[in-house]
Each structure stands twice: as C-alpha cells, then as structure tokens.
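Observations on the three-dimensional arrangement
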Amino acid sequence: MEDEVDRLVAAWRRERPDLDVEPLEVLSRVSRLARHLDRARRTAFAELGLEPWEFDVLTALRRAGTPYQLSPGRLLTQTLVTSGTMTNRIDRLAKRGLVERLPDPEDRRGVLVRLTDTGRDHADRALAGLLDREREILAELSTPQRRELAALLRELTAPFDNTPY
C-alpha cells in the first residue's frame, strides 16, 4: 500500500538524490497524523461547544482528582502556556460556568481553579468522544502494533518532554 508520503519521498529522491530524505518517511507521517488527530479532536469537542484549549484545561483539572482543583501555576505547567494566556483562559471558562476561582487556604494571596459539575461533565463527555475517534484512527493496527508504536514514539518524545524550556 502506497501513501502520500511515499510519493513525496520518491519525488525528493528523484529531484535531490544528493540528500538523505529518510527522516521524511517517519516525520512526515507523524505530521500528517497530527493533522488528522487535530481534526478528530476538534470534531469531538465541537459537539460540546469546546475548543481544544478548553479541553486541555478542563481535563488537567479532571485528572487532578477530587476536588478537581489546581493552582493557576500548576495549570501552566500542564498546559504549557504563559501566565497571561492562562488568566484569560480561566476567565473565559469561569464565564461559561465550567470552572470557578476559590481562595487558596494555603496562601492568602493565591487562588485555586476548581472544575464545576458542568465542567466535569464536559470534560468526561469530550474525553469519551475523543477516545472513540482515536480508536477509529488506530483501528488498522493490532494491539501489539499499537503497543510497539507507543513505545517507539515514547523513545522519540521523552527527551523533549523531560527538557525544561
């Protein structure tokens, strides 16, 4: 079975035989898969009127466990955005009734961001919808193939995930 990346690589090998284009065979496929995953995410979230960034914040809070709250600083760490961006996101989610700000009992000047019941419902439903779409994307692979791919991708991404910016 041939795909678009095979055609792209063949064209580059013909046009630039002096270059080793082997990285394209892996990373162009990863890039194309990322675009398909982004579409699947947007579709899953649109059913609930969520943007991908909203899902990221809501699910960070949901993963925190009861009482589903984190400091804005912890949310920054988990979502990799600036403090100004996070403030804006929290404001927008609070307006929609998906999160609430509470005083931090450990720090008089601090706040905690807590998931509301509606926010938790949205996070849970969006995650279930996303997982359905992700299963469709992976349907052509057997369970052992999925595990092998996950292990290989972990090797590739771990150095980036474990390097502070």
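All figures in this text were calculated on a predicted structure; none of them were measured in a lab. (Residues numbered from 1 in each chain as written. Predicted model: local features only at pLDDT ≥ 70, side-chain atom pairs only at ≥ 80, totals over all residues. Heavy atoms only, no water.)

Here's the deal with the pattern of salt bridges
Taken as a whole, this structure holds 17 salt bridges when the rule is applied. Ionic pairing is found between D3 and R29, a salt bridge with its closest N-O pair at 2.8 Å. With D3 in the segment before helix 1 (4-15) and R29 in helix 2 (residues 22-46), the pair connects residues that are 26 residues apart, well separated along the chain. R16 is the partner of D18 in a salt bridge, and the nearest nitrogen-oxygen pair spans 2.7 Å. Overlapping salt bridges bring together E2, E4 and R7 as one network. (Salt bridge = Lys/Arg side-chain N within 4 Å of Asp/Glu carboxyl O. Helix = DSSP H or I, 4+ residues; strand = E, 2+ residues; numbered from the N terminus.)

With respect to the domain arrangement of the protein chain
Taken as a whole, the protein chain is organised into domain 1 (1-47) and domain 2 (50-132). Taken residue by residue, the interface counts five residues in domain 1 and eight residues in domain 2. For the pairing of domain 1 and domain 2, the buried interface totals around 630 Å² over both sides, and the portion due to carbon and sulfur atoms is 64%. Scanning the region where domain 1 abuts domain 2 turns up two salt bridges. Our count for the contact surface shared by domain 1 and domain 2 stands at two residue pairs in polar contact (both at pLDDT 80 or more). (Domains from an automatic or database assignment. Contact = heavy atoms within 4.5 Å. Buried area = accessible area lost by both parts, 1.4 Å probe. Polar contact = N/O pair within 3.5 Å; in protein donor to acceptor, adjacent residues only side chain to side chain.)

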